[in-house]
Amino acid sequence: MNAEMSAGGATPGLPQMEFWGGAMLRAFTGDASLQWSSQTLYCGTQPQALPAPHHLEVPAAVLDQRGLLDSVGLRLQLSDESWHRKHLPADPVERMVFELLEQLRAESLVPDAWPGARENMRQRFLHWSQAFMDSGLTESSLGVLLFTVAVTAWSRLTGHEIPGHMADQAEHTRLSMASELGSHWVMLRRTREQQSLFCESALAVSRWVGQAVRAAQQEVPRGAAARKRRHNFALPLHFESQSMDDMPVARTGDSRAWASSAQSYRVFTREFDREAKATELVRLAQLAQFRAEMDEELARAGLLQVGRLARYLQSRLATSVRDGWNWAQEEGYLDASRLSLLVSDPQQTAIFKHEACRPVTETAVTLLLDCSGSMKAYAKPLSLLLDVLGRSLEMVGVTVEILGFSTQSWNGGRARRQWQRAGQPDLPGRLNERLHIVFKDGARRWQQSRHGIAALRKPDIFREGVDGEAVEWACQRISERSAKRRILMVISDGCPMDTATHQANDEHYLDQHLRQVLAAHERSGDVKICALGVGLDLGVFYRHRLAIELEQGIDEVLLQSVAELLCRP
């Protein structure tokens, strides 16, 4: 983490913080595998829990996001996680308090040379505390107890003063527990630089709070605090559980079938595989109807004018090349052919020249769409997204190709029946009729391909998906383009899914192949691969990704976020 980033300098927006946050954490910890995406910390492609309660609320402002990142960075750097886990209490309430205290210990050790980070974390905690009060949880004895413990621990460890209205809320409870916890608060502050000693007092406080909560719960109906909750505020308690399983991230695992086949991808038969143009899959009259609907929706949403997006893309993707000279300039290189003008007229100053440059975008982009059944619900907004993004890219000279992948049948089709006739041999590998779709060929202009994009609205092209082979296919096609920079953007809502393949192998077989394909291209660096996760963070597969929501349709903010991901170096 860079202290200057927290203390001052240009303030990025929330979308840019996705990129800055990862770089910040990697620089601070020296761990090159750390990524930050959709409020989730990843080590490589594995999501990591942020268990402190004041890390659970999604930041609504940039400074809140920066405070969260400062806090996470300090925890990674200053906390011995193995020691912490070894002493983690089993009781959920005690565990929550213990996690809070360890996080606050790390925050209290922020260097004096980082006043910006200190202030960011203070604001972050106060915003969380205010959300706690606004939620209504402090209207119960149980809620006010937990609130008082949190703000008292924060003030004692960090040295910050509790704001007046929060102090008033906690005053009575704080006084009532002073005799029990007073000495522990002193020891927490005194031992905060030694985690092993700090742990003893932290466990004592956690046990006391756990006993107090259990006593309060005997008097308060189970879930009463949750019924009072407002504004979606939550605490990670056993009656209001939040876990890594609730996070909107894709999940995967190891495949026994993959290991049994020496990590070699198998396909039972390619006999029925097909590559088709999208226009071959839909009747012409239906295509025209779909295209007319798209144009009407684009006009209604105000997305027909793509100039602003195109200018952004050009500024990030274009490079300058020499294009002759500009003559008769006031400065630049001396033009020997105009020296005679200076002799005849000493006031003449336009005797210079400089090189003329023009922007050139030597970039090829492929947009690869997952056409599995679950994506059918997003067909309309996705068709608009692809249309606007593709037009904007082509306006600035980018070669654009739009591809999709699906299957020709559900549950294996002819490939599965052939496997059954062969006696159902073990571990057959991929077991379906693959369908690769070309919505727009990179060699065709946008005007010639408008109706191909509209084919995305035909529901029955959405079946199942074999992602690894599709990524290989898209990379092979884009590698044939004469471009200095090649970018593949995959758009999907989850893991590879093919029922027949999963049943005959196991559920993670296709996942393993996708990870192998992505790792190979990352090592070679021939194509930059990024991903849009529709309603889901795809960090388990893709290092560069963005989770998006399409329920509210397409707007300029969403388009700008997608463009930033596409252009990110």
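Scroll up to find the structure this text is about.
These lines cover the structure that appears in this document, whether it is placed above or below. Bear in mind the structure is a predicted one, so any value in this text is a computation, not a measurement.

**As for the overall build of the protein**
Okay, so step 1: What the protein contains, in helices and strands, is 22 helices and 13 strands.
Okay, so step 2: Looking at the protein as a whole, 54% of its 569 residues qualify as buried.
Okay, so step 3: The contacts of the protein with a sequence gap of at least 6 include a subset with a gap of at least 24, amounting to 76%.
Okay, so step 4: Put simply, the protein shows about 25,600 Å² of open surface, and 49% of that area lies on carbon and sulfur atoms.

**Things to note about the nonpolar core**
Okay, so step 1: Judged by nonpolar contacts, the single largest core of 59 residues is most densely connected at Leu-313, Leu-382, Leu-393, Phe-439, Met-489, Ile-491 and Leu-532.
Okay, so step 2: For this core, the leading source of residues is helix α16 (residues 379-395), giving eight residues.
Okay, so step 3: Excluding residues within four positions of it along the chain, Met-489 makes contact with Thr-366, Leu-367, Leu-368, Cys-530, Leu-532, Val-562, Leu-565 and Leu-566.

**Considerations on the pairing of strand β10 (residues 434-440)**
Within a regular strand, side chains alternate between the sheet's two faces.
Okay, so step 1: Among the seven residues that make up β10, seven are buried, leaving the element largely enclosed by the rest of the structure.
Okay, so step 2: Judged from the six bridges that link them, strand β9 (residues 399-407) and β10 form a sheet pairing that is antiparallel. Within β10, the residue paired with Leu-403 across the bridge is Val-438.

**Brief notes about the sheet that holds strand β12 (residues 528-534)**
Okay, so step 1: With mixed pairing, the seven strands of this open sheet are ordered in space as β4-β10-β9-β8-β11-β12-β13. Strands with a single pairing partner mark the edges of an open sheet, and in this sheet they are β4 (274-277) and β13 (545-548). This sheet shows a mean twist of 20° between the axes of neighbouring strands, independent of strand direction.

**Some details on the environment of Val-534**
Okay, so step 1: Of note, Val-534 is situated in strand β12.
Okay, so step 2: Residues Val-534 and Ile-491, spaced 43 residues apart in sequence, show a C-alpha to C-alpha distance of 7.2 Å.

**Considerations on unusual backbone geometry**
Okay, so step 1: Its identity as a non-glycine residue notwithstanding, Asn-411 has a phi of 55°, on the positive side.
Okay, so step 2: If you trace the backbone, Asn-411 turns up in the loop between β9 and α17 (413-421).
Okay, so step 3: Notably, Leu-427 is not glycine yet its phi reads approximately 50°, a positive angle.
Okay, so step 4: Look at Leu-427 and you get partly exposed, because its relative accessible area is 26%.

**Digging into helix α18 (residues 446-454)**
Okay, so step 1: For α18, the set of buried residues is Trp-446, Ser-449, Arg-450, Gly-452, Ile-453 and Ala-454.
Okay, so step 2: In this structure, the buried side of α18 is in contact with α13 (284-300), α16, β9 and β10.

**Topic: the packing of aromatic side chains**
Okay, so step 1: In the structure shown here, the tally under the stated rule is seven aromatic pairs.
Okay, so step 2: Residues Phe-125 and Trp-154 carry aromatic rings whose centres are separated by 4.9 Å and whose planes lie at 10° to one another, so their mutual orientation is stacked. Here Trp-154 lies in helix α7 (residues 141-158) and Phe-125 lies in helix α6 (residues 115-134), a separation of 29 residues in the sequence.
Okay, so step 3: Look at Phe-125 and you get buried, because its relative accessible area is 0%.
Okay, so step 4: Residues Phe-541 and Tyr-542 carry aromatic rings whose centres are separated by 6.5 Å and whose planes lie at 70° to one another, so their mutual orientation is edge-to-face. Tyr-542 carries the same exposure label as Phe-541, and that label is buried.
Okay, so step 5: Three or more aromatic residues joined by ring pairs make a cluster, and in this case those are Phe-125, Trp-128, Phe-132, Phe-147 and Trp-154.
Okay, so step 6: One cation-aromatic arrangement involves Arg-105 over Phe-198; the distance from NZ or CZ to the ring centre is 5.8 Å.

Cut-offs applied
Within each chain, residue numbers correspond to sequence positions counted from 1 in written order. With the structure being a predicted model, the display of local features is reserved for residues of pLDDT at least 70 and the display and counting of side-chain atom pairs for 80 or more, all residues being used for whole-chain, interface and lining totals. Side-chain numbers come from the whole structure's heavy atoms, not from hydrogens or water. A run of H or I in DSSP becomes a helix once it reaches four residues, and a run of E becomes a strand once it reaches two; helices and strands are each numbered from the N terminus. A 1.4 Å probe rolled over the protein chains alone gives each residue an accessible area, and that area as a share of the maximum for its type sets the label: buried under 20%, exposed over 50%, partly exposed in between. Any two residues whose heavy atoms approach within 4.5 Å at even a single point are treated as in contact. Computed with the Shrake-Rupley method and a 1.4 Å probe, the accessible areas treat only the protein chains shown as cover for residues. Here, the term nonpolar core denotes a set of buried Ala, Val, Leu, Ile, Met, Phe, Trp, Tyr and Cys residues that are joined through side-chain atoms within 4.5 Å. Strands were regarded as paired on the criterion that DSSP finds at least two bridges between them. Axis lines are fitted to C-alpha atoms, over the contacting stretch for helices. Their N-to-C directions set the angle, which ranges from 0 to 180 degrees. Working definition: rings of Phe, Tyr and Trp (its six-membered ring) pair if their centres are within 6.5 Å, and the pair is stacked with planes under 30 degrees apart, edge-to-face with planes over 60 apart, and tilted otherwise. A positively charged side chain is recorded as over a ring if its NZ (Lys) or CZ (Arg) lies within 6 Å of the ring centre. The angle to the ring normal must also be within 35 degrees.

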